[in-house]
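# Observations on the three-dimensional arrangement
Here's the letter readout for the chains.
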Amino acid sequence: QKEVEQDPGPLSVPEGAIVSLNCTYSNSAFQYFMWYRQYSRKGPELLMYTYSSGNKEDGRFTAQVDKSSKYISLFIRDSQPSDSATYLCAHRDDKIIFGKGTRLHILP
Amino acid sequence: NAGVTQTPKFRILKIGQSMTLQCTQDMNHNYMYWYRQDPGMGLKLIYYSVGAGITDKGEVPNGYNVSRSTTEDFPLRLELAAPSQTSVYFCASTSRLAGSSYEQYFGPGTRLTVT
């Protein structure tokens, strides 16, 4: 079983919609989770970083961890065409293990 | 700061050739990583290093070698290139010292084609 699983998409939503991106993880001991954004032909960049359960908000972005179901989510409010990218979830211990990434297209 | 730099940006290799992908960071980070990214497959960890002189295998180390003689540099060596090594290679670094954010910084990538 892969450590972090993520639907690769692509996911297409109209501009202004709320986007929900999700991952599941296998080990209930995981505590540190991240969301990275990767534009085409660029390296990933860190968007959000969360520890344990609960929500963390940063502008239009909210990261959520549900440890009971081993589910992590990223919500994007008021989505913009500039949000079109691949979003990778990851967990961290000594190394960072990434999901496959979800390709998101925001349609103008 | 330049951050994480990688050279070359692009390279085409013939089967059986060898090459070294260079990675340098100027942020005094102790942890450095090499990933490969195949289309639709996310990032797979090849090797990582927790400090100068210390390296360890990741998920997909076969066909690669690394060394870490300085804090700044973490080169990745391909000894006998194979078509399966066609990929985009990313180097990354992070500080794992107390009080740091643990954010991982990525280089711009090296696109390698083996034919």
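First, a word on scope: everything that follows refers to the structure included in this document.

Rules behind the numbers
Residues numbered from 1 in each chain as written. Chains lettered and ligands numbered in written order. Predicted model: local features only at pLDDT ≥ 70, side-chain atom pairs only at ≥ 80, totals over all residues. Heavy atoms only, no water. Helix = DSSP H or I, 4+ residues; strand = E, 2+ residues; numbered from the N terminus. Rg over C-alpha atoms; globule rule 2.2 N^0.38 Å. Buried < 20%, exposed > 50% of the residue type's maximum accessible area, 1.4 Å probe, protein only. Contact = heavy atoms within 4.5 Å. Areas by Shrake-Rupley, 256 points an atom, 1.4 Å probe, with all protein chains shown as cover. Phe/Tyr/Trp six-rings, centres within 6.5 Å; stacked < 30°, edge-to-face > 60°. Lys NZ or Arg CZ within 6 Å of the ring centre and 35° of its normal. Core = buried A, V, L, I, M, F, W, Y, C linked by side-chain atoms within 4.5 Å. Salt bridge = Lys/Arg side-chain N within 4 Å of Asp/Glu carboxyl O. Pairing = 2+ DSSP bridges. Axes fitted to C-alpha atoms, helices over the stretch in contact; angles between N-to-C directions.

Within chain A, the regular secondary structure consists of zero helices and 11 strands. Across chain A, helices and strands are ordered from the amino to the carboxyl terminus as β-β-β-β-β-β-β-β-β-β-β. A globule of 108 residues ought to have a C-alpha radius of gyration of about 13 Å, and chain A, at 13 Å, matches this closely. With respect to the principal axes defined by its C-alpha atoms, chain A has extents near 40 × 25 × 20 Å.

Next up on the list: the overall build of chain B. When helices and strands are counted, chain B shows zero helices and 11 strands. Listed by position from the N terminus, the elements making up chain B come as β-β-β-β-β-β-β-β-β-β-β. Each of the three principal axes of chain B carries a C-alpha extent, and together these read 45 × 25 × 25 Å. Looking at chain B residue by residue over its 115 residues, the buried ones come to 47%. In chain B, the share of contacts with a sequence separation of at least 24, taken over all contacts with a separation of at least 6, comes to 55%. Just so you have it, chain B exposes about 5400 Å², and 52% of that area is on carbon and sulfur atoms.

It is worth spelling out the packing of aromatic side chains at this point. Inspection of the entire model under this criterion finds 13 aromatic pairs over all chains. Taking the centre distance of 6.1 Å and the plane angle of 25 degrees together, the rings of Tyr33 of chain B and Tyr35 of chain B count as stacked. There is no split in this pair, since Tyr33 of chain B and Tyr35 of chain B are both buried. Considering the side-chain rings of Tyr35 of chain B and Phe106 of chain B, the 5.7 Å spacing of their centres and the 35 degrees angle between planes classify their relative orientation as tilted. Here Tyr35 of chain B, found in strand 4 (residues 31-37), pairs with Phe106 of chain B, found in strand 10 (residues 105-106); they are 71 residues apart in sequence, far enough to count as distant. Since its relative accessible area comes to 0%, Tyr35 of chain B is described here as buried. Among the aromatic residues, those joined into a ring-pair cluster are Tyr36 and Phe98 of chain A together with Tyr31, Tyr33, Tyr35, Tyr48, Phe90 and Phe106 of chain B. Above the plane of the ring of Tyr32 of chain A lies Arg92 of chain A, whose end atom (NZ or CZ) is 4.1 Å from the centre. Seen from the ring of Phe74 of chain B, Arg68 of chain B lies directly overhead, with NZ or CZ sitting 6.0 Å from the centre.

Attention shifts here to the nonpolar core. Trp35, Ile72, Leu74 and Tyr87 of chain A are the most contacted members of the largest nonpolar core, which totals 22 residues. Those elements that provide at least two residues to this core are strand 3 (19-25), strand 4 (32-38), strand 5 (45-51), strand 7 (61-66), strand 8 (71-76), strand 9 (85-92) and strand 11 (102-107) of chain A. By residue number, the principal contributor to this core is strand 3 of chain A, which donates four residues. Counting residues in each nonpolar core, the second largest holds 20 residues, with Met19, Leu21, Trp34 and Tyr47 of chain B among its members.

Our next topic: the side chain of His29 of chain B. Residue placement: His29 of chain B occurs in the loop between strand 3 (19-25) and strand 4. When neighbours within four sequence positions are excluded, His29 of chain B is seen to be in contact with Arg68, Thr71, Ser93, Thr94, Ser95 and Tyr105 of chain B.

Before going further, it helps to examine the pattern of salt bridges. Scanning the model with the defined rule gives five salt bridges over all chains in all. For Glu45 of chain A, the salt bridge goes to Arg37 of chain A, with nearest N and O atoms at 3.2 Å. Arg37 of chain A sits in the buried class, given a relative accessible area of 15%. One salt bridge in this structure joins Asp38 of chain B and Arg36 of chain B, with 3.1 Å as the shortest N-O distance. A relative accessible area of 11% means that Arg36 of chain B is categorised as buried.

For the rest of this paragraph, the subject is the sheet that holds strand 7 (residues 64-66) of chain B. Residue and element names in this part refer to chain B. Read across the open sheet, the four strands follow the order 1-3-8-7; overall the sheet is antiparallel. Whereas interior strands pair on both sides, the edge strands pair on one side only; in this sheet they are strand 1 (4-7) and strand 7. Going from strand to strand, the sheet's axes swing by 20 degrees on average, the running direction of each strand aside. Note that strand 1 and strand 3 share four bridges and pair antiparallel. By the bridge assignment, Gln6 is partnered in strand 3 with Cys23.

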